[in-house]
Every structure is written in structure tokens, then in C-alpha cells.
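# Structural description and commentary
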There are 2 protein chains.
Amino acid sequence: MASLPDTESLKSEAEPPPEMSIENASHHQAERAEWVLGSPDPPSLWHDLLVSIRETLLPNNSNDDTKRSPMAQKQALCRGAASLFQGLFPTLCWGKSYCVSKFKSDLMAGLTLASLCIPQSIGYANLAKLDPQYGLYTSVVPPLVYALMGSSREIAIGPVAVVSLLLSSMIQNVQDPLTEPGAYRRLVFTATFFAGTFQALFGLLRLGFLVDFLSHAAIVGFMAGAAIIIGLQQLKGLLGISHFTTKTDAVSVLESAFRSIHHQWYPLNFVLGCSFLIFLLIARFIGRRKKKLFWFPAIAPLVSVVLSTLIVFLTNADKHGVKVVKHIKGGLNPSSAHELQFGGPHVGQSAKIGLICAVVALAEAIAVGRSFASIKGYQIDGNKEMVAMGFMNIAGSLTSCYVATGSFSRTAVNFSAGCQTVVSNIVMAMAVLLSLLLFTKLLYYTPIAILASIILSALPGLIDVNEALRIWRVDKLDFLACIGAFLGVLFGTVEIGLLAAVAISFGKIIFLSIRPGTELLGRLPRTDIFGDIRQYPMAIETPGVFLIRINSGLMCFANANYIRERIMRSVTEEDDAKRTERRKIQVVVLDMSNVMNIDTSGITALEELHKKLVSIGLEVGIANIRWPVIHKLKLANFLDRIGRERVFLSVGEAVEYSCLSSKFTGLDSC
Amino acid sequence: MASLPDTESLKSEAEPPPEMSIENASHHQAERAEWVLGSPDPPSLWHDLLVSIRETLLPNNSNDDTKRSPMAQKQALCRGAASLFQGLFPTLCWGKSYCVSKFKSDLMAGLTLASLCIPQSIGYANLAKLDPQYGLYTSVVPPLVYALMGSSREIAIGPVAVVSLLLSSMIQNVQDPLTEPGAYRRLVFTATFFAGTFQALFGLLRLGFLVDFLSHAAIVGFMAGAAIIIGLQQLKGLLGISHFTTKTDAVSVLESAFRSIHHQWYPLNFVLGCSFLIFLLIARFIGRRKKKLFWFPAIAPLVSVVLSTLIVFLTNADKHGVKVVKHIKGGLNPSSAHELQFGGPHVGQSAKIGLICAVVALAEAIAVGRSFASIKGYQIDGNKEMVAMGFMNIAGSLTSCYVATGSFSRTAVNFSAGCQTVVSNIVMAMAVLLSLLLFTKLLYYTPIAILASIILSALPGLIDVNEALRIWRVDKLDFLACIGAFLGVLFGTVEIGLLAAVAISFGKIIFLSIRPGTELLGRLPRTDIFGDIRQYPMAIETPGVFLIRINSGLMCFANANYIRERIMRSVTEEDDAKRTERRKIQVVVLDMSNVMNIDTSGITALEELHKKLVSIGLEVGIANIRWPVIHKLKLANFLDRIGRERVFLSVGEAVEYSCLSSKFTGLDSC
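Residues numbered from 1 in each chain as written. Chains lettered and ligands numbered in written order. Predicted model: local features only at pLDDT ≥ 70, side-chain atom pairs only at ≥ 80, totals over all residues.

## Observations concerning the nonpolar core
In this structure, C357 of chain A together with C357 of chain B are the most contacted members of the largest nonpolar core, which totals 395 residues. Setting aside its immediate chain neighbours within four residues, C357 of chain B contacts V163, L166, L167, A191, A195 and V403 of chain B. (Core = buried A, V, L, I, M, F, W, Y, C linked by C-beta atoms within 7 Å. Buried ≥ 20, exposed ≤ 12 C-beta atoms within 10 Å, placed from the backbone. Contact = placed C-beta atoms within 7 Å.)

## Considering helix α17 (residues 347-376) of chain B
Taking 1.5 Å of rise per residue, the 30 residues of α17 of chain B would be expected to cover 44 Å, and the 42 Å separating its terminal C-alpha atoms lies within 8% of that figure. Once α17 of chain B finishes, G377 of chain B follows within two positions and takes phi at roughly 80 degrees, a positive value. (Helix = DSSP H or I, 4+ residues; strand = E, 2+ residues; numbered from the N terminus. Expected span 1.5 Å × (residues − 1).)

## Some details on the UniProt feature "transmembrane region" (unreviewed entry) in chain A
Using the residue numbers shown here, the UniProt feature "transmembrane region" (unreviewed entry) corresponds to residues 187-205, 217-235, 265-286, 293-314, 387-409, 415-437, 442-463 and 483-506 of chain A. Across residues 387-409 of chain A, helical content stands at 61% and strand content at 13%; the span's end C-alpha atoms are separated by 23 Å. (UniProt positions renumbered as here; feature names shortened; annotations may be inferred.)

## What about the pairing of strand β3 (residues 517-523) of chain A?
Residues and elements named next belong to chain A. Most of β3 is tucked away: five of the seven residues are buried. Judged from the four bridges that link them, β3 and strand β5 (residues 545-551) form a sheet pairing that is antiparallel. Paired with T518 across the strands is I550, a residue of β5. Two elements, β3 and strand β4 (residues 530-532), share three bridges in a ladder whose sense is antiparallel. (Pairing = 2+ DSSP bridges.)

## So, the environment of G544 of chain A
All names here are of chain A. For G544, the position within the fold is in the loop between β4 and β5. Of the residues examined, G544 has 20 C-beta atoms within 10 Å and is grouped as buried. Taking the C-alpha atoms as reference points, G544 and D575, 31 residues apart in sequence, are found 9.6 Å from one another.

## Description of the sheet that holds strand β5 (residues 545-551) of chain B
Pairing in this open sheet of six strands is mixed, and the strands run β4-β3-β5-β7-β9-β10 (chain B) from one edge to the other. Here the strands that pair on one side only, and so sit at the sheet edges, are β4 (530-532) and β10 (647-648) of chain B.

## A word on helix α9 (residues 161-171) of chain B
Within α9 of chain B, eleven of the eleven residues are buried, leaving the element largely enclosed by the surrounding structure. Residues of α9 of chain B that are buried include every one of A161, V162, V163, S164, L165, L166, L167, S168, S169, M170 and I171 of chain B, and no others.

## What to know about the sheet that holds strand β10 (residues 647-648) of chain A
Residue and element names in this part refer to chain A. Strand order in the open sheet formed by six strands is β4-β3-β5-β7-β9-β10, with mixed pairing between adjacent strands. The sheet is open, and its two borders are formed by β4 and β10, each paired with just one other strand. Summarising the sheet, strand β7 (residues 587-591) and strand β9 (residues 619-623) pair through five bridges and their orientation is parallel. If you follow V587 over to β9, its bridge partner there is E619.

## Quick word on unusual backbone geometry
For residues besides glycine, phi is generally negative; the peptide bonds are generally trans as well. Residues and elements named next belong to chain B. Look at R206: it is not a glycine, yet its phi comes out positive at around 55 degrees. Residue position: R206 is located in the loop between α10 (181-204) and α11 (209-212). Residue classification places R206 among the partly exposed residues on the basis of 16 C-beta atoms within 10 Å. Of note, S400 is a non-glycine position whose phi angle comes to about 60 degrees, a positive value. By the element assignment, S400 lies in the loop between α18 (382-398) and β2 (405-406).

## Looking at the pairing of β5 of chain B
All names here are of chain B. Where burial is concerned, most of β5 is hidden: six out of the seven residues are buried. As judged from the five bridges shared by β5 and strand β7 (residues 587-591), these two strands associate in the parallel manner. Counterpart to R549 in the pairing with β7 is D591.

The structure is reproduced here in C-alpha cells:
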């Protein structure tokens, strides 16, 4: 509890007594002006750059080492090294306290996860235009590697729909998966290797912020667009079409589907697929309604696979046009190290595809990991996650896996199933491995239409209409990035969607920088605070003194002329309006509190503005100049040119001074 | 003079008396919180967009029409229409008060200008790889059109070195000027037409800000690089080389020159060129030293041409390897309307080249016009200038001219010669026209080396080392754009230089946006002002209260996570440092005064930050939230989540409240 005397002394120190004389006031003013003008030089650009690099590479070190003793620095270094090692292998942390009860939970969660993972993996491999076993391989090695290095406890690692689509849509432009499956597969592994390398590099060089460039809004739009594209692609499996377009945009896919319907399709596929799709969606609905029945939607896909396979096997439906998976190669993940191509004509393409997949996979995994970590109340370090993801994909690329990441739907199942640690991923990997060794022969008669319906049933989770609506409500420009990504994916290609999202997002930053606003300030009643008169309608304008604030963090070549003209226009308009009321402006005070940086064009604009305002007979004061700005203004001799006595600590000081001083003459209404 | 009682009443209104009780204080606090939370909704994005478009198209209208009466709006509209017409033809303004004495000055200035313009025009036509007469044509029509429409009084219109180089370096990649001079010329006229159209469109659509994208620093670097390139290109004329590289970069040009020296060159050209270059440079030096002798460097080029032509004619030096201009087609500007090509394979290229030339020409003209207008103390409207330049180049493209703009060196001569109005341009155009009609035959024996030395002597004015040094001193990142443009032009191509400049400039904006700083605040002694404790070392930190300000105008996807982590790090570091001093942080106050916009990612980051800080046992207050930000935070329900009583009008309020209130408990040191 604060005691009364303390508060009193604080207040009396903060505020000069009202009976202060003019002399006293100008003495204080002089002292405060000295504070403004005599501020130490800010750190140089080189220093800033060094600090920034050090912060990026060694985030555990202090960014202000002058304050630290050498011993503290040493401690920080040791702590940094220890945390780096623990960061790389978080197993070391939770491994000590792992117990049987936790394992029980993880075992159950892992088995539930496996029952969902096996059919999904086969389906996603189909989406990636690879043989089914590659999806299963991808659910074995990456989860095991992640279990050693990852820090999220709930995330379920494996192939996901969007990355599968992304990979196949980009690689099939380079190699045709139908005519040259071997070359296509080699490209997939090479791209996976590059994706892993980029992810690990991002993490090691602490470039995690690069993933932020895909803004949340862009991801929402991109995911929704990709989900619709993936859904449309399932028309192929659902209708039993053999010849289908390789393009991914909605128009081409629908056109191709309609053309096929007129030519040759097998209604039995459709009937089978749709019945099980309805079953899956009902299971999903029930699982959403009753949280305790979470296992029902989780095992429904496996149940569908088993049932439909039995139906086809017993009725010989594959003779009547129902397409089946046929042979799946069983056994352990074979090595694919010899299939990586670091020469040849396509290595640049593979690297580019790897980079794009790396960013999208990371964006999805980090979004998934963060949201579940925040439910359980622990923190995930994005950079460490990236290292884990990177090594897991590098290991994957050597063992016949394609790009794996955290799956949203399976992570949710894992969470609901009560997983305690990442051990559930190990259990799942083991279960998938077992099925690879023993059960692949049983999947011969599994209809492809069922795989399509399993993929389709997982898609609604990717389309987040509520979030899109929230974005629309809160920020219209953000929504533009969202809808840009959505339409780009839907009607262009996946890459165009991503590009549109990034371009719109950065375009927004530039647009807001080159078209800043200005605002007129007024004193809030009974305070020394000056606020925007539109935000605070009760604010009182000081007669004769025109207070204007530049609403831009940066006054630079791209906006300096605009700001200058805007201020001139405000002043002349205000002057015109006030002329009739006989309260002509005599002093203009420029509040620079928001301008955190200025360049030579900005300084020139300020000089021109000052010259113009003086030429129409106004006094000009500048208040609240920030550290880097005042330093540059000093270097450019601007302060001497406008007069050092016209630089104020705050708007309040400037107003007071313009009322008190004889320098700003003729004010009769202060 | 301000009277004492007024000041007193102002002060007593502004500051609560020190004997105010806690109840009173919390009553005031509640009222102020209401101001913050109950602020009206800011204008929607659509409204902002409409205002911005209206401002762009009708700059004379008010940007805040709610304040205006309908009559005032009508008046503004009439005024706008009148000023638009007067703006298009400023001749209407000064024409009324034109008199004989002014004409005398203009006549003298115009004749001086013509004597400099004729040799320069021939030289620049050579640089543009056109026949000499096209340079002369360009000094006739565009100045006449500009005289009707332009608003600058000093600017001298005609061909300039940089634009000539730019045009030839880009068009020769499309058509070879030596083998297909006709096709090359047609492309030049088409590009000129496009340049004029773009310039006029920029002006009419008020897109003048596009020219600002070439920052001042970039222009300084670009001009210097271009000057060196132009100088090196003159080696061809100076050495009398026939086969010269068409590349513009320094390495290729020097290589080509050295190779030629080993093969075949004519020393007589060099001797002649160098002697007159020394004469021209001495003239320039004298003109700079004695302002009254300004006419000496101005007529020196014409004198050189006359003398050298006579020498060659009398000595038959052209038989001994001295290259001469030979035939110049005389007569009026022929029409070139039929030569414009709006079809064919190169129309896109021409438009692109036109756009680049338009921007560079405008940047140079506006820089020239502004600097001389500011000496004479009048204003130039960039948009109107652009319309004038645009129409002058469109007219030029129809009458065998290439892109003209304001020349820095000739404008300086015009100014020194005492021109009063743009009539000096008319006089110059007439003089050039006269020489086209009568004297072109006399230029047969003019040596090309003299044209090279005339161009060389004008180049030092384009290299502004002092300005580059000033930029280096004031802003290192600005200097990076400058040096980027310089090196890009010098070692790449002219386009690469321009691109580098624009890319570095915008890269700077993005870099500063994604890596913002934070600063710790302290109360300045005896005030209610809180400032950066590094800028104001005398500032006093409030024990137990951690005041941090986000130094970013925009809290968005690209920097929100960075800001969040930076704040968390500052808090934990500060906490570690203070723990030993037993003054543990209990309250964190976030000063958002600089954050003028936020997006959904920013809001998410704020939510996460709040959650984290609360989870480590800290109270969080937010102060000084700007208008658009508080609106979005309300929409996103953020304010309810953190508690509306934790939102403050200012940092001072937050500190006071954290001392007074029992909500923020346990503070024993306020």
C-alpha cells in the first residue's frame, strides 16, 4: 500500500507550485532546454548493428552490456551454453522426471494418433503424387528425430495436406510424376533435404523472424485456399477419374472434373467415397460436441479403411471400376541418401522449392505448437523448434521421407487424448513402423475413394471462417492480405498465393509509411497532457498557438514532402478559418514525439517548412524531438538555423514559453 | 505580450493543486480513463481512403469537410477551378505585369543561354547517339511549350547529359543506332512520347510523390555516377576512336579505350580537345571566382566551337584524322508524328524506357526548379511542373525532339544572367531556331573532340562531393543509398544504379520497421514528463515500476514477435539486475504513444506479452494508446481481457495510479 506522505512528496516534486514567477519559469525553461540540447550522442549505426547481430545470434546475452559486471557476463555465457545444449535436446529436461503414469497417457495418445495417422499418411502421399508407403515412411523417422530435439509436447509430426500439395504442385512443373516417377521422387527428396537445411539454418542463425513475414492473416487465407484446392483435387479419387489436370487452380480442376464426367467415370467410387465421407463427418461432429468422445473421429478413418477394404475384397468391386491402392511396398524405411541430387539442371529449382516448403512448414508447425503451448501455459522458442524441424527433415530426406511438419488435426487429437510428452510421437512412429512391417499387404484392396474422403474430412479444420471474420472486423488491410492469399491460391497457383500475401503485407507497411497523418493537439482539461483533438473531443485548443503532431515513425524521402505539404495546408486552412474569429495563429508548434528517425530528405523538408512558415509571419517551435532525430538535426546544423531557444522538451513547455516569453510576441489570448 | 493573470489562470487550470486527496485523485483518474476508453471511433478505412484520393486529386479542398459550411465548400471549389486553370497556364499570372525593362533582362539572359545551349545541344545529341540537329531541335520546341505552361522562372529547358545517356544506353539494347539509325530514332521519339505522357499523367493524377521515391541521396549518387560514365564516354570523341563499346559501365569503357589506343587513334583530336578543355575549365574557374564574369564560362563553349572550326577549316586538319561533325541538316523542326510506333514488338520496351526517363527527368527538373525558386523565395507546385514537362515532351516527340528537361548548368547561367521570367527560354529557342535556319552549314568543320570537351567541362557540376559528405555525416543509411546508386551506375548499368537506389531506400524503410527499438523511461526532475533514460540521463526511474516505450510506428506481423521478445528480455534482465537491490519490479507500464497502427498479429503479440507478464507475477498497465490502436484493441476485446482499469491516459497517470491504488499492491517505495 502506498503511504500518503510519499505520494505527496512525489507530486510536489513533479509539479512546480502555481505561484512560481515568470523569472523562475524561464529559469526552468532554460534548464530543460539544456536537457534537450545537451543530450549525449546516441549509439552509432555500427554499434546498433553489432548489438542487433549479437542479439540475433546470442539471444541470452544482455543487450546493454555496459550495465553488467564481468562476472555476470561470464555467468550469462555459461548459462547461454547450457541452455543452448538443453535447447537442442530438451529430452534432457523432461527425461529426468518421466514416469510410468505419464507413459500410460502417452501410450494411449500415441496409439490413437497412429490410427488416424496411417490412413492420413497414405492419403497425403497420394496428394504429393508419391506411392503410399512414402507417406508412412514420413510418419516414422521425422517424429522420432523430433522427439529427441523438439520442445513442443503436443505437436504431432508427419506429412500434412498443405505441404504435400505445395510440394507436388511445384515439383510436377519440373518433372512429370506419372511418366518419370523415379526422377520426380529424387527431386522430392532433394527438395526435402533443402527444406530441412533451410529450417536448421533459420534456427541456428536465429532468423526465425523470416517466418513472421507470412503474417497470421496471410496464413489464414492461404490455408483456406489450399484446403479448397486440396478438396477439389480429391474429385479425382472420389469420381475414379484416370486422366486429371496437373494444374492446381480451381477453374482448371473443376473443368477437368466436368470433362471427365462426360467421358468416363465410375459411380461406384463416388457412392463408396461419399458414404464413408458422411460417416467421417458425423464422427467429426460427434467428437466436437462431446469432448469425451474425441477418440471416435480419431479412429473413424482407420475403421473406414478396414470396412471399405473388406467390402471391396468381398464384393470384388475392383473388377467393376472401383480404384484400389494395390501394392504397397512394406518394410523399414529404405535409405535415400544416394537419390539426393546436388548437381544437374534442377538443383536451383529444388533449393527454391525447398525454401518455400521450409517456410510454409515452419509457419504451420510454429502456429500449431504455439497455440497448444499457450493452452498448457509453457513457452516455445521458435528458433529451437526450427533447428529440430530442420534436422528432422534432413534425416527424413535420407530415409525416403518427404517434408514433414506439425499437423493441426493430429495435434488436436494428441492433445485431446491426453498426451503428456513427445513420447506419444515415438509410440505413433513405432505403430506406423509395425504396420509397415506387417500390414501393408492387407491394404491392397483399400479403395482410393476412401483415402479421398479421409482427406476431405480433415479439411474443414483448415478453413477458419471465424478468424477471417475477426480479421475483417479488426483490420481491413490485414483482411486484404488474407483474401489476397486465398484468391491467389484458389485461382492462381500456390506460389502466387504466397507471393500475393507477402507482397500485400509489405505493401501495407510501405503504404502506411509513405502516407502518414498529422493531428492537431489540444490540452486535456486539468492536465498537462496534449492529445489529438479528434480522439479527445474535450481537449482545449490554445488560442493563437497551432499544435500539430507528425504521425509517422520515420520522416524520410518517401513521405517528407507529403508531411511538409500536409502541415502547410493544415496551417493555412486553420488560419483561414480563424481569421474571421480574430484569433489568428501566431505560433506553430511541431510535436515530433513520434518521429523516431529522419533522413537528409526529411531534414530538408523541415528546413523548407520552417522557411515557409517564417515567411508568412509565424513563429515556429519544435517539441519533443527524439534521440536519433535531435542528433541528426544537430549534425545538419538545423537547430542553429531555427534557433536553439525554439526547441522544447514537450508541447506543454512550448505552449507555456510562447505565452510567457517576449520572443513570441503579440499573443494576447494565452 | 502575455499578461500575468492569464498565465496564472492557465496554470491553475492545468494542474491540480498539490493538496488534492487520494479520493479526488482517483476520481480524476476515473474521469481520464473515461476519456481514453470512451473516445469516438476513428474514421473508417474507406473514409481515410476517400479523403486521401480527394486530397490527391483536389489538393485545394479541405481534408476535413465536416468543419466547413456548404458556402465555404463552394468557394473552395471555385478557387480550385480557377487555380487549376492558372496553374496550367501561369503565363496568365505574370503576363499582365510584364514590361520592357523585364524584357531587356530576359533578352540578355536568353542570348547568353543560347550561346551555351547550341554547343551543348549538339554534344548531348552525340551522347544520345542522334544526329546533331536533333539536339538543336530539342532546344526549340520544348522551351516554347514550357514557357506557356511552366511555373519556374529560372529553369532552362533543353537536352541534358544524364537523360541523353539514359536514353541511348537503354534504347541501344533494343536497336543498334549505327546499323539502323532510322529504327533507333523512331524508338527515341516513341520513348519521348511515353515519357511526356507519363509526366503529364503524374501531374494530372497528382502522383508527384512517385518522384520522391528517388531520394535526394540517391539522386546525388546517381548523378555523380552518371557524370563519370558520361565523362568516360567522351574518351571516344577525345581520342578520335571509331569503334567503341556500346556498354556504359566504367570497366567496359576503359577497356575499350585502352584497346583502341593500342590500335588506332588520332592524337590531333586529343591535343585539340584537351587544349580547349583547359580553356573551358579556366573559364569555369574564373566564372566561379568572380560572379560578375558569369558570362565568360557561358560563352566560352561557343567561342571554342567557332575557334576550333576555324582552325580545322584553315589547316585542313580533317584530312589528318581530326573527326568533324560534317553535315548538319538545317531548317525548322520536321514533324515526327508519323515516326511514333504504338504497335510492333518494341512498344512495351519504349513505354518502360519512357517511364524511367520520365522519372529521372522530373527528378532533375524539380530539384533544379525548387532550389532556384527557394533562392528567389517563391513556391513551385511539383504537380503543375509535371504537367508542363509532360506536355512539352509530348509536343517534342511530335517535332523530332527527344526528352528535354531542366538543365542545372544552363539554369545557373540563366539565373546569373539576370533572367526575370520564362521569356528568356523563348529568346533562347528563337536564337537556336535562327541558327538552325542560317548557320548549320558553318558547323561542318567543327571537331567532335570540341563537343566532347564541352560536355566534359559541364560534368563537375553534377558531382557534388560536399553534399555526399554531408549525407555521410548526417545519415549513414542514406549514404548507403547514395553510394549504391553511384556504384550501380559506374559498374553496372544506368538502370541497375536506379534500381539499387530505390531498393536500398525502401529496404531501409522495411528494415527500420521490422527491427524497432524499445526504450526505458524515467521521469524528468520537477516535471511530469517521461523521457528515454539514455537520452535524458538525469531522468529518475520509478522504483518498482518498469516503464517501457515501443519505438515503432507500426506494430505488425513483421515486428510484433520481435517487440514482444525484446520487452520480455528487458523486463527479465531488469528484474535480475534489481533483485539484488531489493527493488523488484512489480508493475510494467507499456507506453504505446508511438504505435500509430496495429494489426491482428500485433494484437496477438500484445495478448501473449500480457499473459506472460501476468504469469510471472507482474501487473501490466498500458498508457497513451493512440486513436486507431485503441479502436482496434476494443474491437478485438483486448481491453476487456487486460482490464479497462489498466488503460491510462499517460505514463504519468499510470505511475501515479500504481502508487495510489490498491489494485497494484505491495509497492512500498513509490
